[in-house]
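Listed below are the residues making up each chain.
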2 protein chains.
Amino acid sequence: MTLVSFAHPTISKIGDKHWFHEINDSFPGQSFGLEVVRILHHSQSAFQDILVFESATFGNVLVLNGIVQCTEKDEFAYQELITHVPVMCHEKPAKVLVIGGGDCGVVRELVKHLEDGVEEIVMVEIDRAVIDLSIKYLPNMAKFHNHPKVKIVIEDGFKFLERLSSLEDSGKYDVIITDSSDPEGPAQEFFDTGYYGLLKNALKPDGIVAMQSSENIWLNLPYLCDLLNKTSQVFSNVEYCQCYMPSYTSGQLGLVIASPAKSRDLKNPVKNFDDRKDLFKYYNSKVHEASFVLPTWAANALEKRTT
Amino acid sequence: MTLVSFAHPTISKIGDKHWFHEINDSFPGQSFGLEVVRILHHSQSAFQDILVFESATFGNVLVLNGIVQCTEKDEFAYQELITHVPVMCHEKPAKVLVIGGGDCGVVRELVKHLEDGVEEIVMVEIDRAVIDLSIKYLPNMAKFHNHPKVKIVIEDGFKFLERLSSLEDSGKYDVIITDSSDPEGPAQEFFDTGYYGLLKNALKPDGIVAMQSSENIWLNLPYLCDLLNKTSQVFSNVEYCQCYMPSYTSGQLGLVIASPAKSRDLKNPVKNFDDRKDLFKYYNSKVHEASFVLPTWAANALEKRTT
């Protein structure tokens, strides 16, 4: 008989089963739980605690510093929204930069656009271990990690952007996607105006950025208002959208979408691929528009912050 | 020192805190958890296990047979969607029937429409204990339980509808809302064609019904297709919508909206109260429309079932 270890601070036994519980000060008093079949990997990388486990009903799960990054069951919702909202709002998103995104899910979605304008995909991830583990345990997410049009740079995204400060406009990016973990651990610097300034500097004047918002409207609306205010100090055009995401806190993911170009319509795509069957599993043009529709109380709060 | 009891099968200790975990065969392998401050009530009524606890961050929580029915933090999303979607699609929803809804949250929302067409509100709840406990522990939800325009009947909703079979058209309802628990325990009969036939019989030919769907698109899409097929055997006009609901499985609530009148537009309200500030916290006309927009894979699956 082989003894299977469930030793991780996030895993406890309830009845005769082992459960992962996402308990964190960032979302006090609530916790999403998944039944664990077995731990596939646990290590402390140079940057963070990395846990990969096989769940009973959500497929394999990647956890960084105790927080779910993706599950095989629902990852497509996040990956599709954060990728296709900015890309589908841009007429010709030739050069796309991904900061973070070590599971390579955003890269997978970007590869779908190689026939309609995307020419260059650069991904800058600080932690090589996340990429390697995703290739091994999340193969459907990481399947294009070695695609010829994809360039992966192992570096701190903040430092990578600093090095771009001398870029000519022609070298700048059309779309930049920040697919980071929450602002605890290595992603902390991605949630402040210094970072937004670097993003703007690396972006063409009509470019678009998409960033995961960490908190959501139910969890911490004042934080979200603050985050949007910070973004608005750098970008003249700032919007917020969300999608359903069962394995994330409160069952949703929030995104900040922004552009230096005030006239850009971020809430409506300029392209429509709804007739290209099986291209997207979550995204379509109606989903794009609906993702910007917020419940009254949250819409009012986010609107007031701009007045 | 007073010893506080946390004795309930759904509550366990993790670290130095007590957590409620919603573990159920209906949503295997996943579990929403809330930190428990104290149990306010626990009893076995004639119909179900009733638990009310004070949570650390979601206010007071009502749990029936181990499943969260409502929390003070997010109940408004559910109550508003299930009420205002059918009512706002009806030109004059004079007579409204609520089956279930013992927390009286739907009744609270219906009272908001007394100035724009609602004349009579009847609520049929099988378990008086749920009403009494809601009055005590969820006072903001139950605040209109004794409103002069509200009639509460303590009876099995199924039997109540059977008794209506001899109604003249003029006595029938314009809107019927089934605000039931999931199909385990006393609400089981609310998820079959026999019940839908009774609903149709009690509804005016141009009336509208709204029913919580129990499962959602992430959890059990084949079940949902089956549920919509069953509903379509009785109603010629059937739609599905959803809202964000952090304390429900997968972070969302699904609703079946149906009418015997094929020409009725259920996806767009016929009235617009967006300028009546503070009337609704979740609902507005854009939320109404957006709630019917489903992710591509789910929209395709639900569409195919009808062909």
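Model, not experiment: these values are computed from the prediction.

(A) Quick peek at the overall build of chain A. Tallying secondary structure elements over chain A gives eight helices and 13 strands in all. By the compact-globule yardstick of 19 Å for 307 residues, chain A fits well, its C-alpha radius of gyration being 19 Å. Structurally, chain A occupies a C-alpha span of about 65 × 45 × 40 Å along its principal axes. Expressed as a percentage of the 307 residues in chain A, the buried residues total 62%. Excluding contacts between residues fewer than 6 apart, the proportion of contacts in chain A whose partners are at least 24 apart in sequence is 68%. In the structure as shown, chain A presents an accessible area of about 11,800 Å², 49% of it carried by carbon and sulfur atoms.

(B) Focus on helix 5 (residues 193-202) of chain B. Residue and element names in this part refer to chain B. Here helix 5 has its buried residues at Tyr 195, Tyr 196, Leu 198, Leu 199 and Ala 202. Viewed along the axis of helix 5, the buried residues span an arc of 160°, placing them on a single side of the element. Of the surrounding elements, those touching the buried residues of helix 5 are strand 7 (95-100), helix 4 (157-163), strand 10 (173-179), strand 11 (203-212) and helix 6 (221-234).

(C) Main features of helix 3 (residues 128-137) of chain B. Within the span of helix 3 of chain B, buried status applies to Val 130, Ile 131, Leu 133, Ser 134 and Tyr 137 of chain B. In this structure, the buried residues of helix 3 of chain B make contact with strand 3 (30-44), strand 4 (49-55), strand 5 (60-64), strand 8 (120-125) and strand 9 (150-154) of chain B.

(D) Just the relation of the copies chain B and chain A, in detail. Turning chain B through 180° and shifting it by 0.0 Å along the axis lays it on chain A, with an RMSD of 0.0 Å. Here the transformation between the copies is reduced to the relation of a two-fold axis. It is Gly 251 of chain B whose C-alpha, among those of chain B, lies nearest the rotation axis, at 2.0 Å. Comparing interface residues between copies, 100% of those in chain B also sit at the interface in chain A, which points to an isologous, same-surface contact.

(E) Just the environment of Gly 101 of chain B, in detail. Residue and element names in this part refer to chain B. If you trace the backbone, Gly 101 turns up in the loop between strand 7 and helix 2 (105-111). We classify Gly 101 as buried; its relative accessible area is 5%. Excluding residues within four positions of it along the chain, Gly 101 makes contact with Met 123, Glu 125 and Asp 179.

(F) Representation of the interface of chain B and chain A in the model. On the side of chain A, 41 residues touch chain B, which itself brings 41 residues to the contact. On the chain B side of the contact with chain A, Gly 29, Trp 218 and Tyr 244 of chain B bury the most area, a combined 23% of that side's loss. Where chain B meets chain A, there are 21 residue pairs in polar contact (both at pLDDT 80 or more). At the level of elements, strand 1 (11-14), strand 2 (17-21), strand 3, helix 1 (75-88), strand 12 (237-244), helix 7 (285-290) and helix 8 (296-304) of chain B are the ones that each hand at least two residues to the side of chain B that touches chain A. Broken down by element, the side of chain B that touches chain A gets its largest block of residues, six residues, from strand 3 of chain B. Grouping the amino acids of the side of chain B that touches chain A by side-chain chemistry returns 23 nonpolar, 13 polar and five charged.

(G) Molecular detail of the domain arrangement of chain A. Residue and element names in this part refer to chain A. Domain annotation of chain A identifies domain 1 (11-71) and domain 2 (75-303). The partner domain 2 presents 23 residues to the 23 residues of domain 1 that form the contact. Both sides together, the interface formed by domain 1 and domain 2 hides about 2,100 Å², and carbon and sulfur atoms give 59% of it. On the domain 1 side of the contact with domain 2, Phe 47, Gln 69 and Cys 70 bury the most area, a combined 23% of that side's loss. Taken together, the connections running from domain 1 to domain 2 amount to zero salt bridges. Inspection of the region where domain 1 meets domain 2 yields six residue pairs in polar contact (both at pLDDT 80 or more). Residue assignment for the side of domain 1 that touches domain 2 shows that the elements contributing at least two residues are strand 3 (30-44), strand 4 (49-55), strand 5 (60-64) and strand 6 (67-71). Considering each element in turn, the side of domain 1 that touches domain 2 owes the most residues, five residues, to strand 6.

(H) Spatial organisation of the UniProt feature "active site" (unreviewed entry) in chain A. As recorded in UniProt, the sites labelled "active site" (unreviewed entry) are Asp 179 of chain A. The residue Asp 179 of chain A is located in strand 10 (residues 173-179) in this model.

(I) How the structure looks around empty space enclosed by the protein. Applying the stated criterion across every chain, the model contains five cavities of 30 Å³ or more. A volume near 240 Å³ is recorded for the largest cavity. Lining the largest cavity are 19 residues, with Tyr 244, Ala 290 and Val 293 of chain A together with Tyr 244 and Ala 290 of chain B positioned closest to its centre. Within the lining of the largest cavity, the residues separate by chemical class into 15 nonpolar, four polar and no charged. When its volume is computed, the second largest cavity comes out at roughly 150 Å³. Forming the boundary of the second largest cavity are 18 residues, of which Phe 32, Pro 246 and Tyr 248 of chain A together with Phe 32 and Pro 246 of chain B lie nearest the centre. Elements represented by at least two residues in the lining of the second largest cavity include exactly strand 3 of chain A together with strand 3 of chain B.

(J) Quick peek at the packing of helix 6 of chain B against helix 8 of chain B. Residue and element names in this part refer to chain B. Contact geometry of helix 6 with helix 8 gives a least axis separation of 9 Å together with a crossing angle of 40°. One element, helix 6, and the other, helix 8, form an angle in the oblique class. As helix 6 runs across helix 8, the sense of the crossing is right-handed. In this structure, helix 6 uses Leu 221, Leu 224, Cys 225 and Leu 228 to contact helix 8, whose residues at the interface are Trp 297, Ala 298, Ala 301 and Leu 302.

(K) Region of the structure containing the pairing of strand 7 (residues 95-100) of chain A. Residue and element names in this part refer to chain A. Here strand 7 lies mainly inside the structure; six of its six residues are buried. For the crossover from strand 7 across helix 2 (residues 105-111) to strand 8 (residues 120-125), the handedness is right-handed. In terms of strand pairing, strand 7 meets strand 10 through five bridges, oriented parallel. In the sheet register, Val 96 faces strand 10, and the bridge partner there is Val 175.

Here is what the cut-offs are and how they apply
Residues numbered from 1 in each chain as written. Chains lettered and ligands numbered in written order. Predicted model: local features only at pLDDT ≥ 70, side-chain atom pairs only at ≥ 80, totals over all residues. Heavy atoms only, no water. Helix = DSSP H or I, 4+ residues; strand = E, 2+ residues; numbered from the N terminus. Rg over C-alpha atoms; globule rule 2.2 N^0.38 Å. Buried < 20%, exposed > 50% of the residue type's maximum accessible area, 1.4 Å probe, protein only. Contact = heavy atoms within 4.5 Å. Areas by Shrake-Rupley, 256 points an atom, 1.4 Å probe, with all protein chains shown as cover. Arc of directions from axis to C-beta. Least-squares fit on C-alpha atoms with pLDDT ≥ 70 in both. Buried area = accessible area lost by both parts, 1.4 Å probe. Polar contact = N/O pair within 3.5 Å; in protein donor to acceptor, adjacent residues only side chain to side chain. Nonpolar A, V, L, I, M, F, W, Y, C, P; charged D, E, K, R; others polar. Domains from an automatic or database assignment. Salt bridge = Lys/Arg side-chain N within 4 Å of Asp/Glu carboxyl O. UniProt positions renumbered as here; feature names shortened; annotations may be inferred. 1 Å grid on protein atoms, 1.4 Å probe; cavity = no way out; pocket = protein on both sides within 12 Å on 5 of 7 lines; lining within 4 Å. Points joined across faces, edges and corners; volume = space filled by probe spheres on them. Axes fitted to C-alpha atoms, helices over the stretch in contact; angles between N-to-C directions. Parallel < 35°, antiparallel > 145°, perpendicular 65-115°, else oblique. Left-handed = near helix turned anticlockwise from the far one by under 90°. Right-handed = clockwise from strand over helix to strand, strands pointing away. Pairing = 2+ DSSP bridges.

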